[in-house]
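# Understanding the architecture of this molecule
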Amino acid sequence: DTAVSQTPKYLVTQMGNDKSIKCEQNLGHDTMYWYKQDSKKFLKIMFSYNNKELIINETVPNRFSPKSPDKAHLNLHINSLELGDSAVYFCASSQVFSSRTDTQYFGPGTRLTVL
Amino acid sequence: LAKTTQPISMDSYEGQEVNITCSHNNIATNDYITWYQQFPSQGPRFIIQGYKTKVTNEVASLFIPADRKSSTLSLPRVSLSDTAVYYCLVGDIDFNKFYFGSGTKLNVKP
């Protein structure tokens with residue numbers, strides 16, 4: 001009974017392709033996030049999604065689009081993949097929409113490699 | 001913006017106490033300080049959170065001075081399994097811009 005799950009765990013694809021990563025949480029949380037972790041281990045938030053309200057980090061290219069069919073799922077779709085998109089992508093969830101006090105629960109990550 | 005600064009890496013030996021300090025000069029009044037632990041090929045995991053003074057749980061202690069511009073994560077008697085990257089997170093007024101910092105890679109040696 002994994003709290004936050006992601007699929008696939010590994011994703012290898014060619015430049016220019018479109019791909020999706022799926023995330024599901026069974027914690028009943030209201031907020032979900034997508035993070036990108038680069039090769040230097042910097043963990044940067046990409047999106048927050050709270051009760052179907054999307055908060056976009058404006059530094060993220062519009063090739064990245066999160067989609068939330070319901071509160072328990074937040075998928076990440078990436079168009080026209082580029083070499084620089086290679087990274088580990090983490091999904092996370094929290095009970096409330098706040099970075100100040102609420103614990104975030106992370107998924108196992110999806111390692112994306114763009115060739 | 002409440003960015004954080006941590007040492008890139010630290011070495012320790014089993015059984016020692018390890019203290020990792022995080023600087024957050026621009027912390028906002030209502031911000032809490034949270035520490036996460038990340039093992040290779042896994043997502044970060046919550047360790048401890050605090051607002052001021054000292055917080056202790058079953059795995060760590062968190063020391064926060066009165067000015068709150070820094071915090072120190074203390075791991076008592078580390079073991080090899082504590083080898084991981086430790087991140088300091090401080091909430092930002094703009095919620096979608098909170099920073100995890102660069103993390104501190106702790107290497108525990110036998």
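A brief look at the structure comes next. The model shown is predicted, which means the values in this text are computed figures rather than measured ones. (Residues numbered from 1 in each chain as written. Chains lettered and ligands numbered in written order. Predicted model: local features only at pLDDT ≥ 70, side-chain atom pairs only at ≥ 80, totals over all residues. Heavy atoms only, no water.)

### Observations regarding the sheet that holds strand 8 (residues 73-78) of chain A
All names here are of chain A. The four strands lie next to each other as 1-3-8-7, forming an open sheet whose pairing is antiparallel. Looking at which strands have only one partner, the edges of the open sheet turn out to be strand 1 (4-7) and strand 7 (64-70). Going across the sheet, the axis of each strand differs from the next one's by a mean of 20°, ignoring polarity. As paired elements, strand 1 and strand 3 (residues 19-25) share four bridges and run antiparallel to each other. Paired with Val 4 across the bridge in strand 3 is Gln 25. (Pairing = 2+ DSSP bridges. Helix = DSSP H or I, 4+ residues; strand = E, 2+ residues; numbered from the N terminus. Axes fitted to C-alpha atoms, helices over the stretch in contact; angles between N-to-C directions.)

### Here's the deal with the side chain of A:Gln104
Residue and element names in this part refer to chain A. As for its position among the elements, Gln 104 is in the loop between strand 9 (87-94) and strand 10 (105-106). Residue Gln 104 is classed as buried on the basis of its relative accessible area, which comes to 1%. Among the polar contacts listed, one links the side chain of Gln 104 to the side chain of Tyr 35, at a separation of 2.7 Å. (Buried < 20%, exposed > 50% of the residue type's maximum accessible area, 1.4 Å probe, protein only. Polar contact = N/O pair within 3.5 Å; in protein donor to acceptor, adjacent residues only side chain to side chain.)

### Observations regarding the state of the cysteines
Each disulfide consists of one covalent bond between the sulfur atoms belonging to two cysteines. Per the counting criterion, the structure on display carries two disulfides over all chains. Disulfide pairing places A:Cys23 opposite A:Cys91 at an S-S distance of 1.8 Å. Disulfide A:Cys23-A:Cys91: torsion about the S-S bond near -75°, hence left-handed. Placement of A:Cys23 in strand 3 and of A:Cys91 in strand 9 is noted, with a sequence separation of 68 residues between them. A relative accessible area of 0% means that A:Cys91 is categorised as buried. At a sulfur-sulfur separation of 2.2 Å, the disulfide partner of B:Cys22 is B:Cys88. Its S-S torsion of approximately -80° makes the covalent link between B:Cys22 and B:Cys88 left-handed. Linking B:Cys22 in strand 2 (residues 18-23) with B:Cys88 in strand 8 (residues 84-90), this pair joins segments that are 66 residues apart in sequence. In this pair, the class of B:Cys22 matches that of B:Cys88, namely buried. (Disulfide = S-S within 2.5 Å.)

### Some points on unusual backbone geometry
All names here are of chain A. Cis geometry marks the peptide bond from Thr 7 to Pro 8, where omega comes out at -5°. The backbone of Ser 80 shows a phi angle near 45°, a positive value even though the residue is not glycine. Along the chain, Ser 80 turns up in the loop between strand 8 and strand 9.

### Topic: a positive patch on the surface
On the surface, a cluster of positive charge is made up of A:Lys9, A:Lys41, A:Arg111 and B:Lys105. Tracing the backbone shows A:Arg111 in strand 11 (residues 110-114). According to the relative accessible area criterion, A:Arg111 is partly exposed, its value standing at 41%. (Patch = residues over 30% accessible without salt bridge, like charges linked within 9 Å, V, L, I, M, F, W, Y side chains within 5 Å. Areas by Shrake-Rupley, 256 points an atom, 1.4 Å probe, with all protein chains shown as cover. Salt bridge = Lys/Arg side-chain N within 4 Å of Asp/Glu carboxyl O. Lys, Arg positive; Asp, Glu negative; His and termini not counted. Charge placed at Lys NZ, Arg CZ, Asp CG, Glu CD.)

### Section: the sheet that holds strand 4 (residues 45-50) of chain B
Residue and element names in this part refer to chain B. Across the sheet, which stays open at both edges, the five strands sit in the order 1-9-8-3-4 with mixed pairing between neighbours. Lying at the two open borders of the sheet, with one neighbouring strand each, are strand 1 (9-13) and strand 4. If you compare each strand with its neighbour and ignore which way they point, the axes differ by 25° on average. As defined by bridge partners, strand 8 adjoins strand 9 (residues 104-109) across three bridges and the pair is classed as antiparallel. Bridge pairing in strand 9 places Ala 84 opposite Leu 106.

Just distances and angles here, no functional claims.
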